[in-house]
Amino acid sequence: MNIVMDAFGGDNAPLEVIKGAIDAKRDFGVDITLVGDEQRIKSCAKENALDISGLKIRHAATVIDVCEEPTEVIKGKKDCSMAVGMKMLADGQGDAFLSAGSTGALVVGATMIVKRIKGIKRPALATILPTASDPVMLLDSGANADCRPEMLTQFAMMGSIYMNKIMEVTSPRVALVNIGTEESKGRELELETYSRLKEAPVNFIGNIEARHVPLGEADVVVTDGFTGNIMLKLYEGMGKFFTTELKDMLTSGFKNKLAALMIMPSVKDFKKKVDYTEYGGAPLLGAAKPVIKAHGSSNAKAFYNAVRQAKAFTETGVIDETTKALAQMKESQKIKEQ
């Protein structure tokens, strides 16, 4: 298995990408190809005394900046690390692709270069978030600002399959994000989606309010990319707020420091639970081949876990299961219309 990594995607590239790739290669037994300026990759490795002899390198002359138009990945920046990496994936020279670069460019590239699963309207970014119990998948978390009911229904199906295959959740509970739990709540988008989800091949449990998501009351929560991205950013902000407040509380004064020593194992468990680097990245569900979007500020640990995630994504047949489920939904719809 060959995992293709954008060596120049993200705030900490290429150093943290290289470090994460070296560790992942050692622990997961996969081949890894770093895509980017070959000389810069080798120079960075040499300056930091990193042995990259076990990694492959595919040269790419440029990098697409997060401020550039996403469509540049298929127009003026066809030689950028992200475009070259996705072309490798599309051509069968890799089994999965991951990048911490521009989200917009990644979505455009995955749609136009890697292509979508036949029948999927739009790919969706699916982010794994911590809760009071088990992790929850939020999708779409930013790929599609405007969505239609049939798109959200497909998101629910893809998210359910991923949580079952990758996270080993039996019959994942799927909920629709809304301003109330009543079936009559929401805009036309939510009302029509609710009706469709009741008929979809998922364990639909109804509407969910955003405040109940962190409590672990669903395994998959579905919404449009605009709402989902706001939820994600608020989630991240509150996580930083709580960890900062906890640190200040446990380090202010002798008594608090003494108490901190006694509960340190629990504090470490909490920090690990809310640490995004533990989850690796967000799969772009709906793409014809595994594509992972890592956080822009990913460090070596995050890239390491993103490779682990990409490996599992490839091995568990999520895309094949999605294709089968789409065919079943289409057949069911035909029977219903007869």
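Everything below is about the structure printed above this text.
In this report, the structure presented in the accompanying data block is examined.

It is worth spelling out the overall build of the protein chain at this point. Each helix and strand in the protein chain was counted, giving 10 helices and 12 strands. Taken against the 2.2 N^0.38 rule, which gives 20 Å for 338 residues, the C-alpha radius of gyration of the protein chain at 21 Å falls within 12% of a compact globule. Taking the principal axes of the C-alpha coordinates as reference, the protein chain spans close to 65 × 60 × 35 Å. The burial tally for the protein chain puts 48% of its 338 residues in the buried class. Sequence-distant contacts, at least 24 apart, represent 70% of the contacts inside the protein chain between residues at least 6 apart. When the accessible area of the protein chain is evaluated, it comes to approximately 16,300 Å², of which 53% is carbon and sulfur surface. Counting 43 positive and 43 negative side-chain charges, the protein chain places the centres of these two groups 2 Å from one another.

The next thing to look at is the sheet that holds strand β4 (residues 96–99). On the basis of which strands lie adjacent, the open sheet formed by 7 strands has the order β3-β2-β1-β4-β12-β11-β5 and mixed pairing. Both outer strands of the open sheet, β3 (56–59) and β5 (124–125), are each paired with one neighbouring strand and no more. As paired strands, β4 and strand β12 (residues 291–294) are joined by 3 bridges and run parallel to one another. Residue pairing in the sheet places Ser-99 in a bridge with Lys-293 of β12.

Another point: helix α3 (residues 81–90). Among the 10 residues in α3, 8 count as buried, and that is most of the element. Within α3, burial applies to Ser-81, Met-82, Ala-83, Val-84, Gly-85, Met-86, Met-88 and Leu-89. With its phi angle positive at about 85 degrees, Gly-92 sits one or two positions after the end of α3.

Scanning the model with the defined rule gives 0 disulfides in all. Residue Cys-80 stays outside any disulfide, its sulfur separated by 15 Å from that of Cys-67, the closest cysteine. Given the relative accessible area of 0%, Cys-80 is considered buried.

Another point: the pairing of strand β8 (residues 173–177). Summarising burial for β8: 4 of the 5 residues are buried, a large majority. With 5 bridges joining them, β8 and strand β9 (residues 203–208) adopt parallel strand pairing. Counted as the bridge partner of Leu-176 is Asn-207 from β9. Pairing geometry for β8 and strand β10 (residues 220–222), over 3 bridges, is parallel. Residue pairing in the sheet places Val-174 in a bridge with Val-220 of β10.

On to unusual backbone geometry. For the bond from Ala-13 to Pro-14, the omega torsion is 0 degrees, close enough to zero to count as cis. Structurally, the position occupied by Pro-14 is in the loop between β1 (2–6) and α1 (15–28). That bond from Leu-139 to Asp-140 is cis: its omega, 5 degrees, falls within 30 degrees of zero. Positive phi, close to 80 degrees, is recorded for Lys-115, a residue that is not glycine. Along the chain, the position of Lys-115 falls in the loop between α4 (103–114) and β5. Residue classification places Lys-115 among the partly exposed residues on the basis of a relative accessible area of 44%.

For the rest of this paragraph, the subject is the nonpolar core. Of all hydrophobic cores here, the largest spans 62 residues; its most connected members are Ile-3, Met-5, Ile-32, Leu-34, Leu-139, Phe-155 and Val-307. In terms of residue count, the dominant contributor to this core is helix α5 (residues 149–165) (9 residues). With sequence-adjacent residues up to four places away left out, Val-307 is seen in contact with Ile-3, Met-5, Ala-24, Phe-28, Val-30, Ile-32 and Leu-98. Formed by 26 residues, the second largest nonpolar core is a distinct cluster that contains Ala-60, Met-88, Ile-113 and Ala-143.

Looking now at the packing of α3 against α4. Two numbers describe how α3 lies on α4: the axes approach to 10 Å, and their chain directions differ by 35 degrees. The chirality of how α3 crosses α4 is right-handed. Residues Met-82, Ala-83, Met-86, Lys-87, Leu-89 and Ala-90 of α3 pack against Ala-105, Leu-106, Gly-109, Ala-110, Ile-113 and Val-114 of α4. Looking at the contact of α3 with α4, its residues break down into 10 nonpolar, 1 polar and 1 charged.

Together, Leu-234, Met-238, Phe-241, Phe-242 and Phe-270 line one region of the surface with nonpolar side chains, adding up to about 480 Å² of accessible area. The leading source of residues in the nonpolar patch is helix α7 (residues 225–250), at 4 residues. Of the residues examined, Leu-234 reaches a relative accessible area of 54% and is grouped as exposed.

Another point: the environment of Ala-110. Tracing the chain through its elements places Ala-110 in helix α4. Discounting residues that sit within four places of it in the chain, Ala-110 has contacts with Met-86, Lys-115, Leu-284, Ala-287 and Val-291.

Below, the discussion takes up the pairing of β12. Taking every second residue as pointing to the same face, both faces of β12 are buried, with Val-291 and Lys-293 on one and Ile-292 and Ala-294 on the other. Counting the residues between successive antiparallel strands, the hairpin from strand β11 (residues 281–285) to β12 contains 5 residues, one of them, Gly-286, with a positive phi of roughly 110 degrees.

Criteria and cut-off values
Residues numbered from 1 in each chain as written. Predicted model: local features only at pLDDT ≥ 70, side-chain atom pairs only at ≥ 80, totals over all residues. Heavy atoms only, no water. Helix = DSSP H or I, 4+ residues; strand = E, 2+ residues; numbered from the N terminus. Rg over C-alpha atoms; globule rule 2.2 N^0.38 Å. Buried < 20%, exposed > 50% of the residue type's maximum accessible area, 1.4 Å probe, protein only. Contact = heavy atoms within 4.5 Å. Areas by Shrake-Rupley, 256 points an atom, 1.4 Å probe, with all protein chains shown as cover. Lys, Arg positive; Asp, Glu negative; His and termini not counted. Charge placed at Lys NZ, Arg CZ, Asp CG, Glu CD. Pairing = 2+ DSSP bridges. Disulfide = S-S within 2.5 Å. Core = buried A, V, L, I, M, F, W, Y, C linked by side-chain atoms within 4.5 Å. Axes fitted to C-alpha atoms, helices over the stretch in contact; angles between N-to-C directions. Left-handed = near helix turned anticlockwise from the far one by under 90°. Nonpolar A, V, L, I, M, F, W, Y, C, P; charged D, E, K, R; others polar. Patch = residues over 30% accessible without salt bridge, like charges linked within 9 Å, V, L, I, M, F, W, Y side chains within 5 Å. Salt bridge = Lys/Arg side-chain N within 4 Å of Asp/Glu carboxyl O.

In short, the description is geometric, and any link to function would need to be established separately.
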